[in-house]
Amino acid sequence: MWFAINARPGCEQRVADMLRAPVSASCVEGVFVPLSELRDGVLVPLVEGCVLVCAPSVREMRAAVRLAHLPDDLLAKGAKSFTELSDSEIDAVASLVGASSASGFELAALAPAAFSEATALPGGGFRAMSGALAGREGLVRRKSSRRKCAWLPVTLGGEPREAVLGLRVTRRGASQPCASAPLEAARSG
């Protein structure tokens, strides 16, 4: 079973380390902070404030949280300490980091979601040629050229969240002819 721990933004790695401690690790099978690669190789949590944990049951998950002695300042305010994830939710996150399904998620969780290279389209859109955003352009909620990232909606534990993914959009340069180039050549020749 998969669970999402609702950590405060920026505290995801500390929560994961506390859950990996020998005492609480006996209750869980795996603890992951899915990462995303942004510009210049900077790694950030894929979903802000989310730590994914694989445990045999809700009982073991409660025990792990209790044994880890997670301080309140590391957990998100007003949220349950953890929520169970559906298969479709974990498959969606697994696909962003390159795993084909939740069963392959353990190995893929070690690799960050791939930085996407894209070309600009008329009207402010883009087409991702590679990376985690390839084929998901229509799902992008917002994007920032300055931060070189895009946000996709995801649902974890029944709550809407946003996954942040690296994105570099390049404009069509002089080396790439546009559709009107043959017409201009015919007029001049």
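Residues numbered from 1 in each chain as written. Predicted model: local features only at pLDDT ≥ 70, side-chain atom pairs only at ≥ 80, totals over all residues. Heavy atoms only, no water.

Asker: For the sheet that holds strand β6 (residues 82-84), give the residues involved together with the corresponding values.
Answerer: Across the sheet, four strands lie side by side as β2-β5-β1-β6; this open sheet has antiparallel pairing. Every interior strand has two partners, whereas the edge strands, β2 (30-32) and β6, have only one. Taking each pair of neighbouring strands and ignoring which way they run, the sheet shows an average axis angle of 25°. Pairing between strand β1 (residues 2-6) and strand β5 (residues 50-54): five bridges, direction antiparallel. Its bridge partner being in β5, Asn6 is matched across the sheet by Cys50. The sheet contacts of helix α3 (residues 58-68) involve β1, β5 and β6, and relative to β6 the element is tilted by about 165°. (Pairing = 2+ DSSP bridges. Helix = DSSP H or I, 4+ residues; strand = E, 2+ residues; numbered from the N terminus. Axes fitted to C-alpha atoms, helices over the stretch in contact; angles between N-to-C directions. Contact = heavy atoms within 4.5 Å.)

Asker: How would you explain the nonpolar core if you had to name every residue and give the values?
Answerer: In this structure, Leu46, Leu52, Leu133 and Leu165 are the most contacted members of the largest nonpolar core, which totals 27 residues. Those elements that place two or more of their residues in this core are β1, β5, α4 (87-96), β8 (126-128), β10 (149-156) and β11 (159-170). In terms of residues, this core owes the most to one element, β10, which gives four residues. Judged by nonpolar contacts, the second largest core, of 23 residues, contains Leu19, Cys27, Val33 and Phe82. (Core = buried A, V, L, I, M, F, W, Y, C linked by side-chain atoms within 4.5 Å. Buried < 20%, exposed > 50% of the residue type's maximum accessible area, 1.4 Å probe, protein only.)

Asker: Break down α3 for me, citing the residues and quoting the values.
Answerer: Buried within α3 we find Met61, Ala63, Ala64, Val65 and Ala68. The inward-facing, buried residues of α3 abut β1, α1 (12-19), α2 (22-25), β5 and β6. Of the residues one or two after α3, His69 is the one with positive phi, at around 50°.

Asker: Can you lay out the sheet that holds β10 for me, pointing to particular residues and giving the numbers?
Answerer: Taken in spatial order, the five strands line up as β8-β7-β11-β10-β9 in an open sheet, and their pairing is mixed. The strands lining the two open edges of the sheet, one partner per strand, are β8 and β9 (142-144). Taken over all neighbouring pairs, the strand axes of this sheet differ in orientation by 40° on average, direction set aside. Packing against the sheet, α4 makes contact with β10 and β11, and its axis sits at approximately 155° to β10.

Asker: I'd like a description of the packing of aromatic side chains, backed by residues and values.
Answerer: With the rule as written, the count across this model stands at two aromatic pairs. Measuring from centroid to centroid gives 5.5 Å for Phe3 and Phe82, while their planes differ by 90°, and the two rings are edge-to-face. Here Phe82 lies in strand β6 and Phe3 lies in strand β1, a separation of 79 residues in the sequence. Of the two residues examined, Phe3 and Phe82, each falls in the buried class. Here the basic side chain of Arg142 rests over the ring of Trp151, its NZ or CZ set 4.0 Å away from the ring centre. (Phe/Tyr/Trp six-rings, centres within 6.5 Å; stacked < 30°, edge-to-face > 60°. Lys NZ or Arg CZ within 6 Å of the ring centre and 35° of its normal.)

Asker: Go over the pattern of salt bridges with me, naming the residues and quoting the values.
Answerer: Scanning all chains against the criterion turns up four salt bridges. For the salt bridge of Glu117 with Arg168, the shortest nitrogen-to-oxygen distance reads 2.9 Å. With Glu117 in strand β7 (residues 116-120) and Arg168 in strand β11, this residue pair connects regions lying 51 residues apart in the sequence. By relative accessible area, which is 33% here, Arg168 ends up partly exposed. Two residues, Arg141 and Glu162, come together in a salt bridge whose shortest N-O distance is 3.2 Å. Of the two residues, Arg141 sits in the loop between β8 and β9 while Glu162 sits in strand β11, which places them 21 residues apart along the sequence. Note on Glu162: relative accessible area 24%, which makes it partly exposed. Connected via shared salt-bridge partners are Arg141, Arg142 and Glu162. (Salt bridge = Lys/Arg side-chain N within 4 Å of Asp/Glu carboxyl O.)

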